[in-house]
Amino acid sequence: MSTNADIVRFSYSAFRHGDIDAAFNAFAPDIEWTSPTGMSDFGLGGTVRGHDDVRTFLARANSTFSEVHVEPHEFVESDDRIAVFGEHRLRGTRGGRSCTVPFAHSWRLDDGKATHFQDLHDVSEVRRILRHDDEPPNSPEGIIQLGLGFWRSKAVLAAVRLGVFTALAGRPLELAELRAGTGVHERGARDFFDSLVALGLLHRDGSVYRNAPAAEEFLDSGKPHQYVGGVLEEAESQWYPAWAHLVEALTDGVPQWVVTGEQENAFDEIYLEPDQLRRFERAMIGGLVPVMRTLPERFPWQQHRTVADIGCCGGALLASVLVRHPHLTATGFDLPALAPLFADTAARHGLEDRMRFTAGSFLTDPLPAADVHVFGHVLHNWDLDTKRMLLRKSFEALPPGGTAVIYETLIDDERRHHVFGLMMSLHMHVLSPGGYDYTGADCQEWLGGAGFRTSRVEHLTGHEFVVIGVK
Ligand SMILES: C[S@@+](CC[C@H](N)C(=O)[O-])C[C@H]1O[C@@H](n2cnc3c(N)ncnc32)[C@H](O)[C@@H]1O
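Computed from a predicted structure; not experimentally measured.

Quick look at the packing of aromatic side chains now. The full count for this structure, using the stated rule, is 21 aromatic pairs. Ring geometry for W33 and F117: centres 4.1 Å apart, planes at 35 degrees, overall tilted. Taken as a pair, W33 in strand 1 (residues 27–35) and F117 in strand 6 (residues 113–121) lie far apart in primary sequence, 84 residues in all. When its relative accessible area of 6% is taken as the criterion, W33 is described as buried.

Okay, here's the thing in structure tokens:
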């Protein structure tokens, strides 16, 4: 029989592996969960009761922090009480600042279930990293800097387009060599490359430049599976020109993308040219890198056998999940043009037997049957009726207990904090006729309307969240 300490140890381990349901199995239905009151103004202080409210609390914590590592070091048992000593490592979602804070956790158990949990830690350091996140501009300089934010953006997009980070991959270069490798004219070269140093993407020793670690890892086009630059290439060539017409998009309500509009679906339009199709896939992979690094670990895939990715593009997300979970088989569902790209992805990973492509349109065809449906960066492309229709179709195709997993850069429920989610929604207004981004609560409401029994929102990483609906 498990001791109380085993049960508590198990719940830490389940949380660490993203198996939230297993962790909750160790909690009494009316568990009392108490956090330092000093965090109340962030919605993270005081006592909540019962599984649903604890889940809501954890979802709020996950949207406040992009990283939460809870490291228990010592377990001390006394009758029905367990004290756990360890440390939290936390990173604020909006400013990226991190801190490590010691904690004492007090647990009380009754009949093998946790009935009380209390978290005790010094909140001052935690408040410091949150307070500095994305502070509103409170000076003339701050306002000017915010308004001229496109200077930084365009410098980075130009660097990707000119191949600066790929030229420097694995080899520092003298200024003259770097200019030669990227075609940058002498006149602006020093200011351009030194701007990239100031922005933290390059390092310079004397006149020798090299990539900063993140640029080396994610902006070298020679590393296609982790190349975030694909999304920046798309931004440089397609999105930046479209955003130049944001005012028109806002006043006319009409998308400003440079597609010809001859096809009914903008995606069909993009896929007319094989080069555009590959470019679009590179952009999607760029945006997917953070999700591919987290979703395979953060969802209880071991509880399911089949998964269908609805709007799977070239299948990169499925490959990342299947490589990590050998018991799973998968269907990728997307427009017919994506079939060859999907086949390439499956072959590259040796997954031809486990991932198959189904060509179709989710606007007109039923969705493939599977235990799990993934909708990744898909719902935000569409208007409300289509969003709801896709979730209804998903409900019809899933078995009882089947699960819809929707990852998206959500807007916070109060619609006042998640800058990235709100910018993404403006992006949809600029690019698509009906698309817009949404809050976790919106999505939960649509899931409920489609018939899903329960739903929850969890933070995935950075700006990415996942909404999970269970039939
Ligand atoms: C924004 S991309 C997202 C791709 C991928 N899920 C991701 O997370 O990067 C939207 C995807 O939906 C697909 N799509 C668009 N219209 C579709 C339709 N009518 N039927 C099926 N898939 C469609 C596109 O081809 C594209 O792969």
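Looking now at the domain arrangement of the protein. A common way to express how large an interface is: the accessible area buried when the components associate. Once the domains are mapped, the protein shows domain 1 (4–131), domain 2 (140–222) and domain 3 (236–470). Between the C-alpha centres of domain 1 and domain 2 the distance comes to 41 Å.

Moving on, we get to the sheet that holds strand 3 (residues 65–78). Across the sheet, six strands lie side by side as 2-1-6-5-4-3; this open sheet has mixed pairing. With partners counted over all chains shown, the strands left at the sheet margins are strand 2 (46–49) and strand 3, one partner each. When the angles between neighbouring strand axes are averaged without regard to direction, this sheet yields 20 degrees. Pairing geometry for strand 3 and strand 4 (residues 81–92), over 12 bridges, is antiparallel.

Contacts to the ligand come from 19 residues, most closely from Y271, G311, D334, G376 and Y407. In this structure, G311 approaches the ligand through a main-chain N or O atom, which is 2.7 Å from a nitrogen atom. D334 is positioned such that a nitrogen or oxygen atom in its side chain is 2.6 Å from an oxygen atom of the ligand. With the chains in place, 98% of the 590 Å² that the ligand exposes on its own is no longer accessible.

Time to look at the sheet that holds strand 12 (residues 355–359). Consider a sheet: its strands pair through backbone hydrogen bonds, and that pairing is either parallel or antiparallel. The sheet built from seven strands is open, its strands ordered 12-11-10-13-14-16-15 with mixed pairing. Looking at the sheet topology across the chains shown, the edges are occupied by strand 12 and strand 15 (454–461). Between one strand axis and the next, the sheet turns through 20 degrees on average, direction left out of account. Inspection of the sheet shows strand 11 (residues 329–334) paired to strand 12 by five bridges, in the parallel sense. Bridge pairing in strand 12 links T331 to R356. The sheet contacts of helix 17 (residues 339–348) involve strand 11 and strand 12, and relative to strand 12 the element is tilted by about 175 degrees.

The next subject is the side chain of N211. With respect to the helices, strands and loops of the structure, N211 is situated in strand 9 (residues 208–211). For N211, a relative accessible area of 7% translates into the label buried. Only 2.9 Å separates the side chain of N211 from the backbone oxygen of F165, close enough to count as a polar contact. At 3.0 Å, the side chain of N211 forms a polar contact with the side chain of E216. Non-local contacts of N211, meaning those with residues more than four positions away in its chain, are made with F165, L168, A169, L201, L202, H203 and E216.

Attention now moves to unusual backbone geometry. The backbone phi angle of H377 is positive, close to 55 degrees, even though this residue is not glycine. As for its placement among the helices and strands, H377 is situated in the loop between strand 13 (372–376) and helix 18 (384–397). For R415, which is not glycine, the phi dihedral falls at a positive 55 degrees. Note on placement: R415 falls in the loop between strand 14 (403–408) and helix 19 (419–431).

Cut-offs and rules
Residues numbered from 1 in each chain as written. Predicted model: local features only at pLDDT ≥ 70, side-chain atom pairs only at ≥ 80, totals over all residues. Heavy atoms only, no water. Phe/Tyr/Trp six-rings, centres within 6.5 Å; stacked < 30°, edge-to-face > 60°. Helix = DSSP H or I, 4+ residues; strand = E, 2+ residues; numbered from the N terminus. Buried < 20%, exposed > 50% of the residue type's maximum accessible area, 1.4 Å probe, protein only. Domains from an automatic or database assignment. Pairing = 2+ DSSP bridges. Axes fitted to C-alpha atoms, helices over the stretch in contact; angles between N-to-C directions. Near = heavy atom within 4 Å. Polar contact = N/O pair within 3.5 Å; in protein donor to acceptor, adjacent residues only side chain to side chain. Areas by Shrake-Rupley, 256 points an atom, 1.4 Å probe, with all protein chains shown as cover. Contact = heavy atoms within 4.5 Å.

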